[in-house]
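Geometric and topological summary
Each chain, written out:
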Protein chains: 2
Amino acid sequence: MVDTAERVPSATPASTSATGKAPATTPAPATAPAVTPRVDVEALGRQLLGDWAEARLASRELSRRPEMQKEEGLSVADHRRRVFGQLKLLVENGQVHRAFPKSLGGSEDNGGNIAAFEELVAADPSLQIKSGVQWGLFGAAVLHLGTEPHHEKYLPAIMSLEVPGAFAMTETGHGSDVASIATTATYDPETQEFVIDTPFRGAWKDYLGNAAVDATAAVVFAQLITKNVNHGVHAFYVPIRDANGDFLPGIGGEDDGQKGGLNGIDNGRLHFDGVRVPRTDLLNKYGDVAEDGTYTSPIQSPGRRFFTMLGTLVQGRVSLDGSATIGAKIGLKIALTYADQRRQFTAGSDTDEEVLLDYQRHQRRLLPLLATTYAASFAHEVFLHKFDDVFSGTADTDTDRQDLETMAAALKPLSTWHALDTLQEAREACGGSGFLTENRLTSLRQDLDIWVTFEGDNNVLLQLVAKRLLTDYSRKFAKADAGALARYVVTQAAGKAYHGSGLRTVAQTVRDFGSTARSVNWLQEPATQRELLTGRVETMIAQIAGRLRPASKLGKKAAAELFNSQQNELIEAARAHGELLQWEAFTDALEQAPDAGTKQVLTWLRDLFGFGLIEKHLAWYLMNGRLSPQRAQAVSAYIDRLLTRIRPHAVDLVDAFGYDDQLVRAKIASGAEAERQAEARAYYAERRAAGTLPTPEKSQKKR
Amino acid sequence: MVDTAERVPSATPASTSATGKAPATTPAPATAPAVTPRVDVEALGRQLLGDWAEARLASRELSRRPEMQKEEGLSVADHRRRVFGQLKLLVENGQVHRAFPKSLGGSEDNGGNIAAFEELVAADPSLQIKSGVQWGLFGAAVLHLGTEPHHEKYLPAIMSLEVPGAFAMTETGHGSDVASIATTATYDPETQEFVIDTPFRGAWKDYLGNAAVDATAAVVFAQLITKNVNHGVHAFYVPIRDANGDFLPGIGGEDDGQKGGLNGIDNGRLHFDGVRVPRTDLLNKYGDVAEDGTYTSPIQSPGRRFFTMLGTLVQGRVSLDGSATIGAKIGLKIALTYADQRRQFTAGSDTDEEVLLDYQRHQRRLLPLLATTYAASFAHEVFLHKFDDVFSGTADTDTDRQDLETMAAALKPLSTWHALDTLQEAREACGGSGFLTENRLTSLRQDLDIWVTFEGDNNVLLQLVAKRLLTDYSRKFAKADAGALARYVVTQAAGKAYHGSGLRTVAQTVRDFGSTARSVNWLQEPATQRELLTGRVETMIAQIAGRLRPASKLGKKAAAELFNSQQNELIEAARAHGELLQWEAFTDALEQAPDAGTKQVLTWLRDLFGFGLIEKHLAWYLMNGRLSPQRAQAVSAYIDRLLTRIRPHAVDLVDAFGYDDQLVRAKIASGAEAERQAEARAYYAERRAAGTLPTPEKSQKKR
């Protein structure tokens, strides 16, 4: 850092000096660093690719093939047909078997499988999600909930797409509340079969990819009932259609029809009326029924059993976190490329119009989203490692699995909402052009819309995070009284806490916030940012825990009301926890930056992310005495300064994402705008030089 | 108000008592008012319909006809054909002539025309906007920019749709910067013709409704050049296609193709190469060219002339403000109806699941949007009156027109962004169901997306507002020094300021913010809310003006940079101004409430809106010493209490919007969910009563 200590002047110029890559009109530096750093785009690109770079690059290569890409404007039926054909191409290209057992031709590479899957979003989100239904849900359920005989019997045909299948978990009446699904599988010891029923309309399976047309089988989740005891949700392998595509006896369904996006996937409903499947088609890894109807399970607690079973399916959340972030990357690549070429309105000149990205507002709209995208990207890499460690068995204790679940529940909501916000802001920042389908932004946003409510509704997931944070907290203070809560002092070191992903804490000292000087300097310190972000999570959780303390003495209804009164705050605390995870990942990633210049720019970007979080929650910091009004004012002022520093590097920072024209496929980001601007400027320059430009009436009157 | 003074308890129950309409499970009141007010839905509905109720109701009646409604899933070509057919139905039903001269069969009813137009959004936003292109832009340009001979010659065929037309203003290279368009119309005295050219690719007209297929003529905006002087932007009537639908010589175009929404409209591009039109086809109300090429205008200043011409087209912004708010109303009608029926997760009971809307988070997500929708609706009625006064000539001084422009530039951005936010939150609040096209939310949101950047990009419009506020401010202090700025004391009374729509001010006294008691009580006072909201606008503008003061001594480039450094803050100040306009309109509307009970509920809703604004900007109030941390904390706590008060009335409040099933057309808001829930509950109740429900494993173990 070069300029830090002085107060931010109110008249900060719009842009600091340009690198060689910045547009020629960028104003000269006023208070810029002595040496402007350069971003090594290629090296930063390699860092962003992460440890499963090969799988990502292979998937991108496939996504560049026109036959794998979304064709806009198809009817729902045609889009579905196209995507089903693309799934076959994935099989032919060996792109779908990475996670499956080596004995069946897979490579047991969990991290690589997810990385490759995520990148398919650039081809067509429908293709991506439909492949996720087939191999990541339907196939993965057989793999993770079934046992050896199921693997041998069913996986080969699933892997080859010979048997397209549905993952029949969600019901019309129970979305995120899987434990309450109403479908039953009742064991009949006489025939040694399970009888599957959806006893009322709300129990119908709904929103299932593959169910409307393609699926010939399904993994059906149902309450397992034997000897008149309900053992909770279990999964069953159930054939649903015959070779002609007609439903088997007792099975029916409906087409969910057109959706707000992802129309290449045939979502539909299924209902079951006395459908019988052999006892052995219970996917019996976590619970089995003997011939006589006796139930056994390696996990005694029904609650833990349920969460263990669901936990094997966490990869959906992992991959959505990653692919949502790719969606944001593509959106920013389009909007920032355009903003760096497009000119609109004259300001500092009579003849030259300003480049959009030189406007402060335009920087304010897009660059914080860029910072968040980097944070989400680095956090995802940490998350993917955690996932791979658990699923490869490298580190798969109960605590590891719980940490993974918590991380999934914290990060997936943040990144999926971020993707929608980013694609929308990108669309608006491109004006009318952004609305044209040829420029991709609306299409991507429509397809990613459902990301925020499927694989666990974001608000429901954040409540799971909050409950985990409260549990961590109450464990710490199990035997403490209210006074102990008030004396709550943080103990864990940041690094340790991070990899545990539970309640994040750092050493915190009581500071004098009344001091006036060097507010910006202080805020720039990573330790300060960490302290502010961590302190907020801790304090919110401690405050909520304090308010919830009377619950243990209340009846169920009153306790529920008390809990409900804190619901909004709980979700906000969980979000703060997720933001902290992202900030920590970004900060850790700085150490891997390829060179000093790149590191400098990334540090500004990390600061923009951190300051952005603090600005968003500024009222909280003020009300809780963590920031003085003076220091709080320095936050927004310093964000303005960071914007001008990052602006010359914005195009480099999106280029480093590695999405080229074939992957981005937006006309306005192809260089067409730069050509148009050059042509227009040449036209006027020529006529000005020749003296043939008509005189403006205004100037004429002055003469 | 009944309960006001006591501090908000931290354990506020989730819901207060229910009205007859609220679901039976709503918990009993804990600290509810002694008498729960009732909303008179029908009377409130009449209030919301406003002064052009008849036109609105007629338009809704037409919108209920299936042939006028959007058919989902059509190809772009089929949707375009359908909408063009619907335009003919509008003509047949006499729905499009209200704004035109009585001499030509119109009724010169400007307010009624806009009100009726707005309501068409419920039928199909494409139909609405395409009718807006034909009669509100193309036709209105001939009406307002042309003179008697143009009216007689062109309007009848425009009104009857015999001549479908494009409004050719926007260019690929110049979106919101209309003054800089590059199309030229050069007068040739020899032939007494204008020669129209789009000299380079960026000068092509773009995003024009009707241009891709249907338009046979266009009003083309171009720089008028005569005797080698450029007199700025003027409009010309230009035939573009022959009877076969082929372009006339010198004219070409492209189809903009598929868009993110509004695909019933054939947007396209047009280019002109030496296209000649008779001198008399200049729409010459504000500028004319004599046979010899001499230019004359009733408005001497080219700048004022330009803004006067553009000002005649303000109705686009008026109608978008109104129809965006209708979009939000329909979205909330769907989401709140569903939230009042849908159950998910048990909390306070072992058997009964909670209704979604009883969850605090769900209330927090939707009810503030409901409050804002009411504010936007009441503000729109004020705005529509202002528009009607100006266009009917009742009050059309220069100041009136400027006030109307400022109001349009302030309200259109707020309501269009609000519509998108609301439709998105509504979609998410309905989970997977919200994503299905049959439930309307995604379809509406996609169609309304472009609202935020067309008819003036929202960010550009807000800058116009800010400039007006700065001008008002600097007029007040034209001769004052910096000391006077610091001593700035507000002088205008609220009522007076409101109707002027310039800088809003109220008498403000210096208060002691250190007092501890009755924070909520104090905040509930309308005078307090007004003072806080008004003070923020004033202070922001005064602060920005102070920072911009050196600009007058700077060169053009440096001044532009200084201005740019304040751009973000300027836009925030303009937004604050618009929010204040909405708050004032809501507060004024309380006086028209049909009865005391309705007024009580509306007052809570207005408080929720006001508190929501203060909470959103809480950091600003804290940093600027307007709220003590203690009072600031009361804001969020009181919002929580307001939510529980308003919750039992939520369904009444959306029913009052008056959009019935035929206008809403969302399956999940049709009562289907209530039926499903009743069926599911009956199923379990019956089996529980009969003792045939299998025992949960968990309970079994306890035995």
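Note that the coordinates shown come from a computational prediction; the quantities given were computed from them, not determined experimentally.

What counts, and at which threshold
Residues numbered from 1 in each chain as written. Chains lettered and ligands numbered in written order. Predicted model: local features only at pLDDT ≥ 70, side-chain atom pairs only at ≥ 80, totals over all residues. Heavy atoms only, no water. Helix = DSSP H or I, 4+ residues; strand = E, 2+ residues; numbered from the N terminus. Buried < 20%, exposed > 50% of the residue type's maximum accessible area, 1.4 Å probe, protein only. Contact = heavy atoms within 4.5 Å. Areas by Shrake-Rupley, 256 points an atom, 1.4 Å probe, with all protein chains shown as cover. Expected span 1.5 Å × (residues − 1). Arc of directions from axis to C-beta. Pairing = 2+ DSSP bridges. Axes fitted to C-alpha atoms, helices over the stretch in contact; angles between N-to-C directions. UniProt positions renumbered as here; feature names shortened; annotations may be inferred. Least-squares fit on C-alpha atoms with pLDDT ≥ 70 in both. Core = buried A, V, L, I, M, F, W, Y, C linked by side-chain atoms within 4.5 Å. Buried area = accessible area lost by both parts, 1.4 Å probe. Salt bridge = Lys/Arg side-chain N within 4 Å of Asp/Glu carboxyl O. Polar contact = N/O pair within 3.5 Å; in protein donor to acceptor, adjacent residues only side chain to side chain. Parallel < 35°, antiparallel > 145°, perpendicular 65-115°, else oblique. Left-handed = near helix turned anticlockwise from the far one by under 90°. Nonpolar A, V, L, I, M, F, W, Y, C, P; charged D, E, K, R; others polar. Domains from an automatic or database assignment. Phe/Tyr/Trp six-rings, centres within 6.5 Å; stacked < 30°, edge-to-face > 60°. Lys NZ or Arg CZ within 6 Å of the ring centre and 35° of its normal.

Quick look at the overall build of chain A
A count of helical and extended segments in chain A gives 26 helices and 14 strands. Within the span of chain A, comprising 703 residues, buried residues form 64% of the whole. Expressed as a percentage of contacts within chain A between residues at least 6 apart in sequence, the contacts between residues at least 24 apart total 74%. Summed over all atoms, the accessible surface of chain A reaches about 24400 Å², with 52% contributed by carbon and sulfur.

Let's talk about helix H25 (residues 672–690) of chain B
Residues and elements named next belong to chain B. With 19 residues, H25 extends 27 Å between its outermost C-alpha atoms, agreeing within 8% with the 27 Å of an ideal straight helix rising 1.5 Å per residue. When we look at burial in H25, the residues that qualify are Glu-673, Arg-676, Gln-677 and Ala-680. Along the long axis of H25, the arc covered by the buried residues comes to 100 degrees, so they all point the same way. In H25, those exposed residues whose orientation departs by more than 90 degrees from the buried face are Glu-675, Glu-686, Ala-689 and Ala-690. Contact partners of the buried residues in H25: helix H8 (315–339) and strand S12 (343–346).

Examining the sheet that holds strand S7 (residues 251–255) of chain A
Residue and element names in this part refer to chain A. Ordered by their spatial adjacency, 3 strands build an open sheet running S4-S8-S7, and the pairing between neighbours is antiparallel. Two strands lie at the open edges of the sheet, namely strand S4 (205–208) and S7, each paired on one side alone. On average, adjacent strands in this sheet sit at an angle of 20 degrees to one another, irrespective of strand direction. Direction of pairing for S4 relative to strand S8 (residues 268–272): antiparallel, over a ladder of 2 bridges. Note on S8: the bridge partner recorded for Leu-208 is Gly-268.

Here we look at the UniProt feature "domain: Acyl-CoA oxidase C-alpha1" (unreviewed entry) in chain A
Here the UniProt-annotated "domain: Acyl-CoA oxidase C-alpha1" (unreviewed entry) positions come out as residues 311–470 of chain A. Note that residues 311–470 of chain A is 73% helix and 4% strand, and that its end C-alpha atoms are spaced 20 Å apart.

Considerations on the relation of the copies chain A and chain B
In the superposition of chain A on chain B (RMSD 0.0 Å, axial shift 0.0 Å), the rotation amounts to 180 degrees. The superposition operator between the copies reduces to a two-fold rotation axis. Within chain A, Ala-619 of chain A has its C-alpha nearest the rotation axis, a separation of 2.1 Å. Most of the interface of chain A is mirrored in chain B, where 100% of its interface residues are also at the interface.

As for the sheet that holds strand S4 (residues 205–208) of chain B
Residues and elements named next belong to chain B. Here 3 strands make up an open sheet; going across it, the order is S4-S8-S7 and the pairing antiparallel. Each edge of the sheet is formed by a strand with only one pairing partner; in this case those strands are S4 and strand S7 (251–255). Across the sheet, the mean angle from the axis of one strand to that of its neighbour is 20 degrees, orientation sign disregarded. Inspection of the sheet shows S7 paired to strand S8 (residues 268–272) by 5 bridges, in the antiparallel sense. Note that in S8 the partner of Gly-253 across the bridge is Leu-270.

So, the nonpolar core
The biggest cluster of nonpolar side chains holds 264 residues, and the ones touching the most others in it are Leu-370 and Tyr-374 of chain A together with Leu-370 and Tyr-374 of chain B. Residues in contact with Tyr-374 of chain B, not counting those within four places in the same chain, are Leu-44, Leu-48, Phe-586, Leu-602, Leu-605, Leu-653, Ala-656 and Phe-657 of chain B.

Details of the interface of chain A and chain B
Listed by partner, the interface residues are 107 residues for chain A and 107 residues for chain B. For the pair chain A and chain B, the two sides together bury roughly 9200 Å², of which 51% comes from carbon and sulfur. Its largest share of buried area at the contact with chain B, chain A owes to Arg-361, Phe-435 and Met-623 of chain A, together 9% of the area lost on that side. Taken together, the links from chain A to chain B amount to 10 salt bridges. Between Glu-438 of chain B and Arg-269 of chain A there is a salt bridge whose closest N-O contact spans 3.5 Å. Along the contact surface separating chain A from chain B lie 63 residue pairs in polar contact (both at pLDDT 80 or more). Top element by residues in the side of chain A that touches chain B is helix H18 (residues 556–565) of chain A. It accounts for 7 residues.

Quick word on the packing of helix H10 (residues 398–429) of chain A against helix H12 (residues 441–448) of chain A
Packed helices, taken two at a time, are described by the angle between their axes plus the distance between the axes. Residue and element names in this part refer to chain A. For the pair H10 and H12, the least separation of the axes is 9 Å and the interaxial angle reads 160 degrees. Regarding the angle of H10 to H12, the classification is roughly antiparallel. Note on packing geometry: the crossing formed by H10 with H12 is left-handed. Residue-level contacts link Ala-419, Leu-420, Leu-423, Gln-424, Ala-426 and Arg-427 of H10 to Leu-441, Thr-442, Leu-444, Arg-445 and Leu-448 of H12. Tallied by class, residues from the contact of H10 with H12 come to 7 nonpolar, 2 polar and 2 charged.

Description of the pattern of salt bridges
Counted under the stated rule, the structure contains 90 salt bridges over all chains. Across the pair Glu-572 of chain A and Arg-575 of chain A runs a salt bridge, and its minimum N-O distance is 3.8 Å. Of this pair, Glu-572 of chain A and Arg-575 of chain A both sit in helix H19 (residues 567–590), 3 residues apart, which is roughly one turn of the helix. Residue Glu-572 of chain A is classed as partly exposed on the basis of its relative accessible area, which comes to 21%. Through salt bridges with shared partners, a single network forms among Asp-206, Glu-254, Asp-256 and Arg-269 of chain A together with Glu-438 and Lys-667 of chain B.

What about the domain arrangement of chain A?
Residues and elements named next belong to chain A. As assigned here, chain A comprises domain 1 (169–298) and domain 2 (316–655). For domain 1 versus domain 2, the distance between C-alpha centres works out to 38 Å. The interface is formed by 4 residues belonging to domain 1 together with 8 residues belonging to domain 2. One can count 0 salt bridges joining domain 1 with domain 2. Connecting domain 1 to domain 2 are 2 residue pairs in polar contact (both at pLDDT 80 or more). In terms of residue class, the side of domain 1 that touches domain 2 is built from 1 nonpolar, 3 polar and no charged.

Let's talk about the packing of aromatic side chains
The full count for this structure, using the stated rule, is 34 aromatic pairs over all chains. With centroids separated by 5.2 Å and ring planes inclined at 35 degrees, the aromatic side chains of Tyr-374 of chain B and Phe-657 of chain B adopt a geometry described as tilted. One end of the pair, Tyr-374 of chain B, is in helix H9 (residues 360–392); the other, Phe-657 of chain B, is in the loop between helix H23 (650–655) and helix H24 (661–664), with 283 residues separating them in the sequence. Of the two residues, Tyr-374 of chain B and Phe-657 of chain B, both sit in the buried class. A centroid spacing of 5.3 Å and a plane angle of 85 degrees characterise the contact between Trp-620 of chain B and Tyr-621 of chain B, whose relative ring orientation is edge-to-face. Among the aromatic residues, ring-to-ring pairing joins Tyr-374, Phe-378, Phe-586 and Phe-657 of chain A into one connected group. The ring centre of Trp-620 of chain A lies 5.6 Å from the NZ or CZ of Arg-536 of chain A, which sits over that ring.

Things to note about the pairing of strand S3 (residues 193–197) of chain B
Residue and element names in this part refer to chain B. Across 5 bridges, strand S2 (residues 184–188) lies against S3 in antiparallel orientation. The residue of S3 that forms the bridge with Ala-185 is Ile-196. Between the antiparallel neighbours S2 and S3 lie 4 residues, among them Gln-192 with a positive phi of about 55 degrees.

Details of the side chain of Asp-188 of chain B
Residues and elements named next belong to chain B. With respect to the helices and strands, the residue Asp-188 is situated in strand S2. There is a polar contact of 3.0 Å between the side chain of Asp-188 and the side chain of Arg-276. Setting aside residues up to four positions removed in sequence, Asp-188 forms contacts with Glu-193, Val-195 and Arg-276.

Concerning the environment of Arg-60 of chain A
All names here are of chain A. You can see Arg-60 is positioned in helix H2 (residues 53–63). Note: C-alpha distance between Arg-60 and Gly-658 (598 residues apart in sequence) is 9.6 Å. Beyond its immediate stretch of four places on either side in the chain, Arg-60 contacts Leu-49, Glu-119, Phe-657, Gly-658, Tyr-659 and Leu-663.

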